[in-house]
Structures are given as C-alpha cells and as structure tokens.
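Tertiary structure, described
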Amino acid sequence: MKSMLACARALLLGLWAGWTGAAELLVSTGEYAPWSGARLPGQGFVNRVVREAFAREGVAVRFQYLPWARALEALRNGSVEASSFWFDDPDKAREFLYSAPLSEHRELLFHRKDLAVPAWARLQDLHGLRFGATRGYSYTAEFRQLAKQGAIEVEEADDDKTNLLKLLAGRIELFPIDEFTGWQLLASNAFPRGAHDLVTAEPRPFSIQYGHLLMLRSARNEQLMGRFNAGLAKLRADGTLERFRLDLYRGSGLGP
C-alpha cells in the first residue's frame, strides 16, 4: 500500500513538473523601487512575495527585467509565463488573469514646492496644469478619460526618472507616482543633491492602487494562478507577508 502511495505521489509530482512547462517559471518585471528591482534586497517587496508564494507551492521562478511596456508585451506574446506587477485595469483584465492583491500603493501628485496648486477635489479642478505620465503604466480610468478628452494636459515619458527631471525643470507641473517610489528616487544618486528638498506632494491621494501578478487567460493558467494564490494565502496566514511589509517600511523611512 505504501509503495502504491509513493508511486502515485511521484506520478503527481512528475505531472506537475511537466504541467508547469519548465523547471522554473519566467516572470517579466521592471524597475520600480522599492517594489521591484534587480539590485534591491529580495529584488523588491513584490518580487520577494511572488517568489515566496510560488515556493510554498513548489514552483521556482526567475525574473526577467524589461522596460514596463516590453514586460507586458513579453507576457502577451508568450515569451514569459507571468508578469509582476500591475495595477487594476479593466482593459488588462479582459486579456489577463489577475492574482489576489500583492501590494497596496498610495499614489500622490508630486510637484515643485514653488508651485501653488489650487484646492482640488477632482482631477478636472487641476485643468491648466501639465501632468506627466509614464508610458506603459496603468493609471485610473478617470485620468485616462480626462486626458483623452483634453480636459487635462498629459505628457508621457519613458520612465519615472525622466518625468521627475521634467518636473524639476518646470516642463511638467504634476506627476502621479507611488509615494515610496517617488521619494526614494528623488533621494537617489540619479538626481542632483538637494532635488528631494525642492519637491513636495499633495496630501490628497491621486489614487490607491493594488499590485497583482498577471498571466494570459487559459485553462492551464487558471490552475497555475490558483496555486499562486494558495501560496500567497499561506504567506498571509503565517505572518510572512506582514514581516515583508514591515521590512519595506523600515527600509523606506516612510512607515511606522
């Protein structure tokens, strides 16, 4: 009886290895400190969570770093099996499977301290000010619609660094970005000394977003995503996710 159970277990493990299609899953991602980054501890909070959640289900992963638009295209054309990480987006949800939330992001409108931003309750209250946006990012439906209608002026750039440099130079006036990412980037060696002190952020959030792992829609990937979500649930249940979150806050200087 024991030998039969052992054989069955070996068969299931073999089927699982074949089903995943590789010894490790290739996951596209990009640079967005402190959430993801090739040189960050654990490759950033989100990628640390992705790796550990898959590991709880016996799946190894390898991250491929690309510009964000290319990271999504790699998922779309099947060059990778998953992509980490993306905000909620109805258009993407029609094409891709979304995991359970991995991270919470408070996006703020960054601007120079010498800009007097009018009191606002809605984005259209800020018409007349030039917004920056990063190509390939998921912004709110309101932001995209207002930009499409011409109700607000939006200029795209290839990355956050370029947008923040444009902000400092006065070429754009408002830039929505995750508060962790914005402040860490401004304090990095990518910017002149003192750049951090020239900028502030509106206290009213531009948006509160949630990060997700994405996969192409298919029956196989529905099962694989189920395994990932099961691993993620284990991280929540045993306190690992909270420990990772506290590590993030301690490293950023923005949290408790």
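Given the structure is predicted, the values throughout are model-derived calculations rather than measurements. (Residues numbered from 1 in each chain as written. Predicted model: local features only at pLDDT ≥ 70, side-chain atom pairs only at ≥ 80, totals over all residues. Heavy atoms only, no water.)

Taking 1.5 Å of rise per residue, 12 residues should cover 16 Å, and helix H2 (residues 45–56) covers 17 Å from first to last C-alpha, within 8% of that figure. Residues of H2 that are buried include every one of Phe45, Val46, Asn47, Val49, Val50, Ala53 and Phe54, and no others. After H2 finishes, the residue Gly58 shows a positive phi value of roughly 75°. (Helix = DSSP H or I, 4+ residues; strand = E, 2+ residues; numbered from the N terminus. Expected span 1.5 Å × (residues − 1). Buried < 20%, exposed > 50% of the residue type's maximum accessible area, 1.4 Å probe, protein only.)

Grouped together as the largest cluster of nonpolar side chains are 70 residues, with contacts concentrated most on Phe54, Phe110, Leu123, Leu126, Leu213 and Phe228. Looking at this core element by element, the count peaks at 6 residues for H2. For Phe110, the residues in contact, after removing those within four places along its chain, are Leu167, Glu173, Leu174, Phe175, Ile177, Glu179, Gly182, Trp183, Leu186, Val199, Thr200 and Ala201. (Core = buried A, V, L, I, M, F, W, Y, C linked by side-chain atoms within 4.5 Å. Contact = heavy atoms within 4.5 Å.)

Within strand E3 (residues 82–86), 5 of the 5 residues are buried, which leaves it mostly tucked inside the rest of the structure. Here strand E1 (residues 24–29) runs beside E3; their pairing, made up of 2 bridges, is parallel. The residue bridging Val27 from the neighbouring strand is Ala82, located in E3. (Pairing = 2+ DSSP bridges.)

Time to look at the packing of aromatic side chains. Evaluation of the coordinates by the stated rule reveals 13 aromatic pairs. Ring centres of Tyr137 and Tyr139 lie 6.2 Å apart, and the angle between their planes is 40°; this geometry places the pair in the tilted category. One aromatic cluster is present, formed by Tyr32, Trp68, Phe85, Trp86, Phe87, Phe131, Tyr137, Tyr139, Phe143 and Phe206 through successive ring pairs. It is Arg204 that lies over the ring of Trp120; its NZ or CZ is 5.5 Å from the centre. (Phe/Tyr/Trp six-rings, centres within 6.5 Å; stacked < 30°, edge-to-face > 60°. Lys NZ or Arg CZ within 6 Å of the ring centre and 35° of its normal.)

Turning our eyes to something else, we now look at the pattern of salt bridges. For the coordinates displayed, the defined rule picks out 18 salt bridges. The salt bridge partner of Arg76 is Glu95, with a shortest N-O separation of 2.6 Å. One end of the pair, Arg76, is in helix H3 (residues 68–76); the other, Glu95, is in helix H4 (residues 90–95), with 19 residues separating them in the sequence. A salt bridge links Glu242 to Arg245, with the nearest nitrogen and oxygen atoms 2.7 Å apart. Taken as a pair, Glu242 and Arg245 lie in helix H9 (residues 240–252) at a separation of 3 residues, close to a single helical turn. On the accessibility criterion, Glu242 (37% relative accessible area) is partly exposed. By relative accessible area, Arg245 is classed as partly exposed at 28%. (Salt bridge = Lys/Arg side-chain N within 4 Å of Asp/Glu carboxyl O.)

With that settled, the discussion passes to unusual backbone geometry. The linkage connecting Ala33 with the following residue, Pro34, adopts the cis geometry, with an omega of 0°. Across the junction of Ser84 and Phe85, the peptide omega takes the value 10°, indicating a cis bond. Checked against the element boundaries, Phe85 lands in strand E3. Residues other than glycine seldom take positive phi values, yet Gln43 does so here, at roughly 65°. With respect to the secondary-structure elements, Gln43 resides in the loop between E1 and H2.

Here we take up the packing of helix H6 (residues 160–169) against helix H7 (residues 179–186). Between two packed helices, what matters for the description is the angle formed by their axes and the separation of those axes. Taken N-terminus to C-terminus, the directions of H6 and H7 make an angle of 70°; their axes are 11 Å apart at the nearest point. With respect to H7, the element H6 is oriented roughly perpendicular. The handedness of the crossing between H6 and H7 comes out as right-handed. Side by side, H6 and H7 meet where Asp160, Lys161, Leu164 and Leu168 of the first sit next to Thr181, Gly182, Leu185 and Leu186 of the second. Taken together, the residues that form the contact of H6 with H7 break down as 4 nonpolar, 2 polar and 2 charged. (Axes fitted to C-alpha atoms, helices over the stretch in contact; angles between N-to-C directions. Parallel < 35°, antiparallel > 145°, perpendicular 65-115°, else oblique. Left-handed = near helix turned anticlockwise from the far one by under 90°. Nonpolar A, V, L, I, M, F, W, Y, C, P; charged D, E, K, R; others polar.)

With that out of the way, let us pick up the side chain of Asn221. Of note, Asn221 is situated in helix H8 (residues 219–237). Side-chain polar atoms of Asn221 contact the backbone oxygen of Leu216, separated by 2.9 Å. (Polar contact = N/O pair within 3.5 Å; in protein donor to acceptor, adjacent residues only side chain to side chain.)

Note on placement: Leu235 falls in helix H8. Since its relative accessible area comes to 0%, Leu235 is described here as buried. When the C-alpha atoms of Leu235 and Glu52 are compared, they prove to be 7.9 Å apart, with 183 residues separating the residues in sequence. Setting aside its immediate chain neighbours within four residues, Leu235 contacts Val49, Glu52, Ala53, Arg56, Thr240 and Leu241.

It is worth stressing that arrangement in space is one thing and function is another; only the former is reported here.
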